[in-house]
Amino acid sequence: MWIEYAIASFFASAAFGIIYQAPRNTLVKCGLVGMVGWMIYAFLVWKEVDSVPATLIASFVIALVSQTLARRFKTPMIIFSVPGIIPLVPGSLAYDAMRNFVQNDYSAAISIAAKAFMISGAIAFGLVFSEVLNQIIKKIRQTKAQLR
């Protein structure tokens, strides 16, 4: 099961790297970022963590790994983070919400849509929180360097 998750998330992320025209030499790295994020998410859900906090943690790690790779290979962070978050996007939940809405099952549609929105928000919050943390660390390092 875990190997299939890893392979599928790797290829999904790498394929979205191709779609978003990431440089060829970054496609494997894009796949690895997505694989790491999805494996963290899957592990947390397996440990019975709700999908919203699991998504938040996974997207935070994706952003950290993307920042590290961006610095290491002197490329923009977005090249790694956008394909990396693709496996976390709640597409099936959004589809189910719309299907229930069309079938006039409004209570189920609203419930599922709320979950999809919370997961989407968790993705955004994880990415932003990582960037804020990165900026704080940069400021601390700059201040320490100025004091020397």
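If you're wondering where the values come from, they're calculated on a predicted model, not measured in any experiment.

Draft legend 1. Broad picture of a nonpolar patch on the surface. Among the surface-exposed residues, Met-98, Phe-101, Val-102, Tyr-106 and Ile-110 lie close enough to one another that they form a single nonpolar patch of about 560 Å² accessible area. Residue assignment for the nonpolar patch shows that the elements contributing at least two residues are helix 5 (91-102) and helix 6 (106-147). Tallying contributions element by element places helix 5 first for the nonpolar patch, with 3 residues. If you trace the backbone, Met-98 turns up in helix 5.

Draft legend 2. Structural context of the pattern of salt bridges. Using the criterion set out here, one finds 2 salt bridges in the structure. We note a salt bridge from Asp-50 to Lys-115, for which the minimum N-O separation is 3.0 Å. Note that Asp-50 is positioned in the loop between helix 2 (27-46) and helix 3 (51-73) and Lys-115 in helix 6, a separation of 65 residues in sequence. Arg-99 is paired through a salt bridge with Asp-96; the nearest N and O atoms lie 3.4 Å apart. Of this pair, Arg-99 and Asp-96 both sit in helix 5, 3 residues apart, which is roughly one turn of that helix. Residue Arg-99 is classed as partly exposed on the basis of its relative accessible area of 34%. The partly exposed category is assigned to Asp-96, whose relative accessible area is 26%.

Draft legend 3. Looking closely at the packing of helix 5 against helix 6. Where helix 5 contacts helix 6, the two axes come as close as 8 Å, and the packing angle between them is 160°. Between helix 5 and helix 6, the angle is such that the two are roughly antiparallel. For helix 5 against helix 6, the interelement crossing comes out left-handed. Here helix 5 contributes Leu-93, Ala-94, Asp-96, Ala-97, Asn-100 and Phe-101 to the contact with helix 6, which in turn contributes Tyr-106, Ala-108, Ala-109, Ile-112, Ala-113, Lys-115, Ala-116 and Ile-119. When the residues that make up the contact of helix 5 with helix 6 are grouped by side-chain class, the tally is 11 nonpolar, 1 polar and 2 charged.

Conventions adopted
- Each chain has its residues counted from 1, following the order in which its sequence is written.
- Residue-level local features of this predicted model are given only where pLDDT is at least 70; pairs of side-chain atoms are given and counted only at 80 or more, and the full residue set underlies all totals for whole chains, interfaces and linings.
- Remark: hydrogens and water are excluded; side-chain values derive from all non-hydrogen atoms of the structure.
- For patches, a residue must show more than 30% relative accessible area and have no salt bridge; joins then use 9 Å for like charges and 5 Å for nonpolar side chains, namely Val, Leu, Ile, Met, Phe, Trp and Tyr.
- For the accessible areas, the method is Shrake-Rupley and the probe is 1.4 Å, while residue cover comes only from the protein chains on display.
- Salt bridge criterion: a side-chain nitrogen from Lys or Arg within 4 Å of a carboxyl oxygen from Asp or Glu.
- Numbering of helices and strands starts at the N terminus; helices are DSSP runs of H or I of at least 4 residues and strands are runs of E of at least 2.
- Three labels apply to residues, based on accessible area from a 1.4 Å probe with only protein chains included: buried if under 20% of the type maximum, exposed if over 50%, partly exposed otherwise in between.
- Simply put, an axis is a line fit to the C-alpha atoms, just over the touching stretch for a helix, and the angle between two N-to-C directions goes from 0 to 180 degrees.
- Note on terminology: angles under 35 degrees are roughly parallel, angles over 145 are roughly antiparallel, angles of 65 to 115 are roughly perpendicular, and the others are oblique.
- The sense of a crossing depends on the near helix, which, turned anticlockwise from the far helix by less than a right angle, makes the crossing left-handed and, turned clockwise, makes it right-handed.
- Any two residues whose heavy atoms approach within 4.5 Å are treated as being in contact.
- Throughout this entry, Asp, Glu, Lys and Arg are counted as charged residues, while Ala, Val, Leu, Ile, Met, Phe, Trp, Tyr, Cys and Pro are counted as nonpolar. The remaining residues, Gly among them, count as polar.

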